[in-house]
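Descriptive analysis of the structure
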Amino acid sequence: MWLIVNPGLSNEQPLQLPEGHSTIGRTGENTFRVLHLSLSRRHARLERIGTRVVLVDLGSKNGTLVKGTRVERYELRDGDSFQCGDVLFKIASVPDTVEPTHVQDLKTRFSLPAMEELLERERTAGSQSALKVRQARQAALRSAEKLEVLLKVSQLLSSAGPIDGLLERIAQLVFQILDVDRVVILLVDPLSGELRPRVARFLTGEVPSGAFYSQHVVDYVRTHSVAALFADALDDPRLTGADSVMLQSIRSAMCVPLKPQETVLGVLYVDNLARVNGFTEEDLEFLTAFGNQAAIALENSLLSERLAEEAALRNSYLRFFPPSVIKKLRSARGAPLDIVETEVTVLFSDITGFTSLSSTLHPRQVVDLLNDYFPIMADIVFRHEGTLEKYIGDALMAVWGAPFSQPDDADRALRAAVEMQRALADLNAHWREQGRPEIQIHVGLNTGRVAAGNIGSEHYLQYATIGDATNVASRICDATHPAEICLSEATLQRCQACTWPLTKLPPLQVKGKAEPLTLYRLEWRDAPGR
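What counts and how
- Residues numbered from 1 in each chain as written.
- Predicted model: local features only at pLDDT ≥ 70, side-chain atom pairs only at ≥ 80, totals over all residues.
- Heavy atoms only, no water.
- Helix = DSSP H or I, 4+ residues; strand = E, 2+ residues; numbered from the N terminus.
- Buried < 20%, exposed > 50% of the residue type's maximum accessible area, 1.4 Å probe, protein only.
- Areas by Shrake-Rupley, 256 points an atom, 1.4 Å probe, with all protein chains shown as cover.
- Phe/Tyr/Trp six-rings, centres within 6.5 Å; stacked < 30°, edge-to-face > 60°.
- Pairing = 2+ DSSP bridges.
- Axes fitted to C-alpha atoms, helices over the stretch in contact; angles between N-to-C directions.
- Contact = heavy atoms within 4.5 Å.
- Patch = residues over 30% accessible without salt bridge, like charges linked within 9 Å, V, L, I, M, F, W, Y side chains within 5 Å.
- Salt bridge = Lys/Arg side-chain N within 4 Å of Asp/Glu carboxyl O.
- Parallel < 35°, antiparallel > 145°, perpendicular 65-115°, else oblique.
- Left-handed = near helix turned anticlockwise from the far one by under 90°.
- Nonpolar A, V, L, I, M, F, W, Y, C, P; charged D, E, K, R; others polar.
- pLDDT = per-residue confidence, 0-100.
- Expected span 1.5 Å × (residues − 1).
- Polar contact = N/O pair within 3.5 Å; in protein donor to acceptor, adjacent residues only side chain to side chain.

If you tally the helices and strands in the protein, you get twelve helices and 24 strands. Within the span of the protein, comprising 530 residues, buried residues form 45% of the whole. For the protein, the accessible area works out to roughly 28,000 Å², and carbon and sulfur atoms hold 51% of it.

So this is what it looks like as structure tokens:
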């Protein structure tokens, strides 16, 4: 039996369906992992016995549908389709096959030959050019030969990969195509704006111990944004006073800017230590065209690297922030989340008696319980535009007011707390039908000033709020009874539209505070939330 993901679409994927139970969801613990936000962490289960397949919904948020109708349990037949969230699936005894009317080998008469076939094995005697392109009697044929080499260069530089690997390929191709002694590729440092060598090689393959290139040459090319040939570097007036030229005994040099559009990303420098007039204008023209191809490949590699960094950052953001906050952060061009002092409302939610409960369950049952519970609570935090700071065992901590504040942050936190209690009642009812244990939570809220921002490394995002306000919120949560919500006087003072009755509690002495806290219990069952 086969499970077809996205049947009939361009990204259709046939997967073999094993005997027994298989799960579908968006996390790695599932048999079939489908990365789509409409799927729950563990969305549905397929129970296969021979040709009989039963589909079971695992309490998913967006439901499991057959023929447009939400189902809890449904026996599927060969060819039946079903939907998990927005993703379509199909059960088939054999995967659909498509037979082509004709097949074509990937190598055609238009395919470029290997680079070795385009170049001379030995340099032609008496040739002034450093180019190793095959000699042609007619100028038009010579141009065609060079164009073919450049097309091959473009092909060889088009494969994706790290920038360092690309720069190594560029240097190797220069040695392969041109008769040069040394190559260096310098890129503009985005922080200092200075040219920094990234790859430097001798013809022998050795890596130089220090800078061998002429700083005057590379500065001239970058400043004037032109390709330049120095036929006799020792006597060139443009390089008067260039100590590097004298010390390195550079006889001939060429340098071209790596400029895909308007911005110079770096320069490509080559030289010859032995021959005066070792390069010709033809060589410079070719190296310029080569540099243009290299610049485009470099720009694409930099863009790919930047997109990968943004994707990684976005994935980090998704752990903490709702979509509205992510949108603001992205509009700030991924600016780092600097540490700031700000006022926040902190919410702590904890499962009552979790340690005792978990001791009566198998470890997998505990994980399943938390995987059902936490996504619901996290969605509520995000729906009320809070920041989900962390999970601490069975506890959840969220804040309102950082990284961006709103006038009604305290009200949002309060509404989220009420919705958490109501959502848990619905989840417990679902678990009750399945014969699974039920839980209760207690929620504490406090408002105060904290230091908020990325704690740790720029490369590892750990958004956190540090301060007495968070500690007090945790203490309030600890003092709250099962199925209750308690808030501090500071939070109550910030609330603008609390629609639930409040009961003032006796003063509470907590660790680390000289004065007892004034707390209020929110009677969330007595009035509708807003």
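Let us look at the packing of aromatic side chains. With the rule as written, the count across this model stands at four aromatic pairs. Residues phenylalanine 82 and phenylalanine 89 carry aromatic rings whose centres are separated by 5.2 Å and whose planes lie at 10° to one another, so their mutual orientation is stacked. For the pair formed by phenylalanine 82 and phenylalanine 89, the shared burial category is buried. Between tyrosine 373 and phenylalanine 374, the aromatic rings sit 5.2 Å apart at their centres with planes inclined by 50°, giving tilted as the arrangement. On the basis of relative accessibility, which here comes to 9%, the residue phenylalanine 374 falls in the buried class. Each member of the aromatic cluster is reached from another via a ring pair, and the members are Tyr373, Phe374 and Tyr391.

Quick look at the sheet that holds strand 14 (residues 228–230) now. Within a sheet, adjacent strands bond to each other through the backbone by hydrogen bonds, running parallel or antiparallel. Overall, antiparallel pairing links the five strands, which are arranged 13-12-16-15-14 in an open sheet. Of all the strands in the sheet, just strand 13 (195–202) and strand 14 have a single pairing partner and so form its edges. Taken pair by pair, the neighbouring strands of this sheet meet at an average axis angle of 15°, ignoring direction. On the sheet, helix 3 (residues 163–177) packs against strand 12 (182–188), strand 13 and strand 16 (266–272) and is oriented at approximately 50° with respect to strand 13.

Let's shift gears to a nonpolar patch on the surface. Judged by side-chain polarity, Ile339, Ile455 and Ile466 come together as a nonpolar surface patch covering roughly 260 Å² of accessible area. Along the chain, isoleucine 339 turns up in the loop between helix 7 (323–331) and strand 17 (340–351). When its relative accessible area of 47% is taken as the criterion, isoleucine 339 is described as partly exposed.

Where helix 9 (residues 363–383) contacts helix 10 (residues 409–434), the two axes come as close as 10 Å, and the packing angle between them is 150°. It follows that helix 9 is roughly antiparallel to helix 10 by the angle criterion. By crossing handedness, the relation of helix 9 to helix 10 is classed as right-handed. Every residue of helix 10 that contacts helix 9 at Leu369, Asp372, Tyr373, Ile376, Met377, Ile380, Val381 and Arg383 is listed here: Ala416, Glu419, Met420, Ala423, Leu424, Leu427 and Trp431. Of the residues in the contact of helix 9 with helix 10, the class split is twelve nonpolar, no polar and three charged.

For the protein, per-residue confidence averages 84 on the pLDDT scale, and 83% of positions sit at 70 or higher. Considering each helix and strand of the protein separately, the mean pLDDT is smallest for helix 5 (residues 243–248), with a value of 48, and largest for strand 10 (residues 81–84), with 96. Note that pLDDT drops below 50 for residues 238–243; the model gives that stretch eleven contacts with residues more than four away or on any other chain.

A few words now on helix 11 (residues 468–479). In this model helix 11 runs 17 Å from its N-terminal to its C-terminal C-alpha over twelve residues, within 8% of the 16 Å that 1.5 Å per residue would give. Listed in full, the buried residues belonging to helix 11 are Ala469, Thr470, Val472, Ala473, Ser474, Ile476 and Cys477.

Considering all chains together, one arrives at 23 salt bridges under this definition. A salt bridge links arginine 42 to glutamate 29; the shortest N-O distance between them is 3.7 Å. Taken together, the positions of arginine 42 in the loop between strand 4 (32–33) and strand 5 (44–49) and glutamate 29 in the loop between strand 3 (20–25) and strand 4 put the pair 13 residues apart, joining distant regions of the chain. The partner of arginine 415 in a salt bridge is aspartate 408, and the shortest N-O contact between them spans 3.8 Å. Each of the salt bridges in this network shares a partner with another, and the network as a whole consists of Glu29, Arg42, Arg364 and Asp368.

Our next topic: the side chain of asparagine 30. Summarising the element assignment, asparagine 30 is placed in the loop between strand 3 and strand 4. At 3.0 Å, the side chain of asparagine 30 forms a polar contact with the backbone oxygen of threonine 27. Non-local contacts of asparagine 30, meaning those with residues more than four positions away in its chain, are made with Thr23, Ile24, Gly25, Arg41 and Arg42.

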